[in-house]
Amino acid sequence: MTDTRNFFTDCIMTWDRVKNSRAMPWKGEKDPYRIWLSEIILQQTRVEQGWPYYERFIAAYPTVTHLAAATDEEVFRLWQGLGYYARCKNMLAAARTIAGTHKGRFPQTYEGIAALKGVGAYTAAAIASFAFNLPHAVLDGNVYRVLARYFGIDTPTDTTAGKKLFTQLAGEVLHLRQPGIYNQAIMDFGAVVCKPQQPLCQGCPLAARCQAFQQGLTDLVPVKSKKLVIRKRYFNYLLLRKKGLLFIRKRTEKDIWENLHEFVLIETPAPAADEIVLQSPLFQRLMGRHAYKITAPAVEIKQQLTHQTIHARFLQLSVPAAFNMPEGYLQVTEEQLKNYAFPKIIVDYLQR
DNA sequence: AAAGCGGGGTT
DNA sequence: AACCCAGCTTT
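Residues numbered from 1 in each chain as written. Chains lettered and ligands numbered in written order. Predicted model: local features only at pLDDT ≥ 70, side-chain atom pairs only at ≥ 80, totals over all residues. Heavy atoms only, no water.

As annotated in an unreviewed UniProt entry, chain A carries the name Adenine DNA glycosylase and comes from Chitinophaga alhagiae. Chain A has a UniProt comment under Sequence similarities (unreviewed entry) that states "Belongs to the Nth/MutY family." Looking at chain A in UniProt, the text filed under Function (unreviewed entry) is "Adenine glycosylase active on G-A mispairs. MutY also corrects error-prone DNA synthesis past GO lesions which are due to the oxidatively damaged form of guanine: 7,8-dihydro-8-oxoguanine (8-oxo-dGTP)." (UniProt positions renumbered as here; feature names shortened; annotations may be inferred.)

Student: Is there a simple way to think about the packing of helix α2 (residues 32-42) against helix α8 (residues 121-132) in this case?
Tutor: For any two helices packed against each other, one specifies the crossing angle of their axes together with the interaxial distance. Running from N to C, α2 and α8 cross one another at 150°; their axes reach a closest spacing of 10 Å. Accordingly, the angle class assigned to the pair α2 and α8 is roughly antiparallel. Handedness of the crossing formed by α2 with α8: right-handed. In this structure, α2 uses Pro32, Ile35, Trp36, Glu39 and Ile40 to contact α8, whose residues at the interface are Tyr122, Thr123, Ala126, Ile127, Phe130, Ala131 and Phe132. Here the contact of α2 with α8 is composed, by residue class, of 10 nonpolar, 1 polar and 1 charged. (Axes fitted to C-alpha atoms, helices over the stretch in contact; angles between N-to-C directions. Helix = DSSP H or I, 4+ residues; strand = E, 2+ residues; numbered from the N terminus. Parallel < 35°, antiparallel > 145°, perpendicular 65-115°, else oblique. Left-handed = near helix turned anticlockwise from the far one by under 90°. Contact = heavy atoms within 4.5 Å. Nonpolar A, V, L, I, M, F, W, Y, C, P; charged D, E, K, R; others polar.)

Student: Explanation requested: the domain arrangement of chain A in the structure shown.
Tutor: How big an interface is tends to be expressed through the accessible area that disappears when the partners come together. Partitioning chain A into structural domains gives domain 1 (2-214) and domain 2 (231-350). A C-alpha centroid distance of 38 Å is found between domain 1 and domain 2. Facing 7 residues of domain 1, the contacting portion of domain 2 comprises 14 residues. Regarding the contact of domain 1 and domain 2, the summed buried area is about 900 Å², with carbon and sulfur atoms giving 52% of it. Contact with domain 2 buries surface across domain 1, with Glu73, Arg77 and Tyr85 losing the most and accounting together for 55% of the total. For the pair domain 1 and domain 2, the number of links is 1 salt bridge. For Glu73, the salt bridge identified is with Lys250, shortest N-O distance 3.6 Å. Taken together, the connections running from domain 1 to domain 2 amount to 4 residue pairs in polar contact (both at pLDDT 80 or more). Of all the elements, helix α5 (residues 72-79) adds the most residues to the side of domain 1 that touches domain 2, at 3 residues. Partitioning the side of domain 1 that touches domain 2 into residue classes produces 3 nonpolar, 1 polar and 3 charged. (Domains from an automatic or database assignment. Buried area = accessible area lost by both parts, 1.4 Å probe. Salt bridge = Lys/Arg side-chain N within 4 Å of Asp/Glu carboxyl O. Polar contact = N/O pair within 3.5 Å; in protein donor to acceptor, adjacent residues only side chain to side chain.)

Here is the structure:
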């Protein structure tokens with residue numbers, strides 16, 4: 001067994017040295033701030049998608065002190081389009097903790113790093129190993145897959161038992177002298193060779209001892225227990241325009257797109273025609289006795305999220321000068337929209 | 001332990 | 001349409 005584990009580690013290190021040509025701007029980086037930033041951006045995000053965001057963030061905020069000093073709105077705007085916006089909120093909190101409590105000096109221990117908002121076991125191990133060469137094994141989607149296949153493990157990865165088992169195993173195959181290089185290597189290997197679909201088993205250096213390959217199970221591991229449930233939602237957005245000004249608000253509910261902005265939203269349980277939306281109690285209460293006029297035909301846009309399908313319908317209305325919006329809404333010009341972060345579906349609508 | 005959170009690429 | 005991505009926090 002030890003032999004099998006050593007073979008695994010050696011193969012990964014050799015593959016990295018000889019075959020790995022995956023270049024990334026944060027690779028070999030030693031500045032913990034830059035490593036941390038890249039890791040937050042890359043959580044559940046493909047390297048290709050996160051790359052340009054990383055470049056823009058580094059350009060805008062060269063140090064953690066710069067990031068900590070920025071306004072929430074500015075940072076969210078830079079994060080716009082990347083998704084999982086809680087990452088942005090936690091990143092800002094962590095930056096301010098480092099700049100304040102830690103006086104601008106990045107924590108140097110695994111525990112100190114892991115205590116930061118938005119930093120879990122994976123991210124802490126990544127930063128600790130890349131920046132400080134500490135022997136902590138990363139366990140991300142790539143590592144789960146490579147280990148599950150090589151060792152032929154069918155324990156679901158999204159369970160407590162699975163996490164415990166894979167965490168243990170990941171630690172056992174970690175290269176203790178070069179944990180940073182090894183961690184990079186196994187993730188690259190998972191992304192380039194041991195891919196989720198159609199892995200490159202022909203010519204894979206692990207193939208001779210890979211349990212999944214030997215048993216023809218590469219398509220069956222890793223195993224996940226939960227199956228995704230996708231719900232449909234119908235968002236009716238009203239662009240209320242008063243003397244050229246638009247009403248927007250920040251989403252504060254525990255829901256998708258928290259901390260992003262939107263127009264007046266009437267959510268309905270099913271697709272709704274103009275009249276249905278305009279006769280809804282919510283809209284009626286909003287308008288009171290004020291008159292209004294539809295100024296543009298409705299535009300429909302669909303967006304597929306991981307757990308929800310959003311059917312959005314945008315309707316433009318003009319309202320009289322005497323109309324006043326309730327608390328929480330901002331009045332902005334179209335020009336000022338660029339100062340706020342919006343969900344992609346709204347960006348798409350505005351750019352259509 | 002389970003639920004919830006974006007947007008995009010691949011097949 | 002299904003699955004996955006350098007996962008984490010909240011319930």
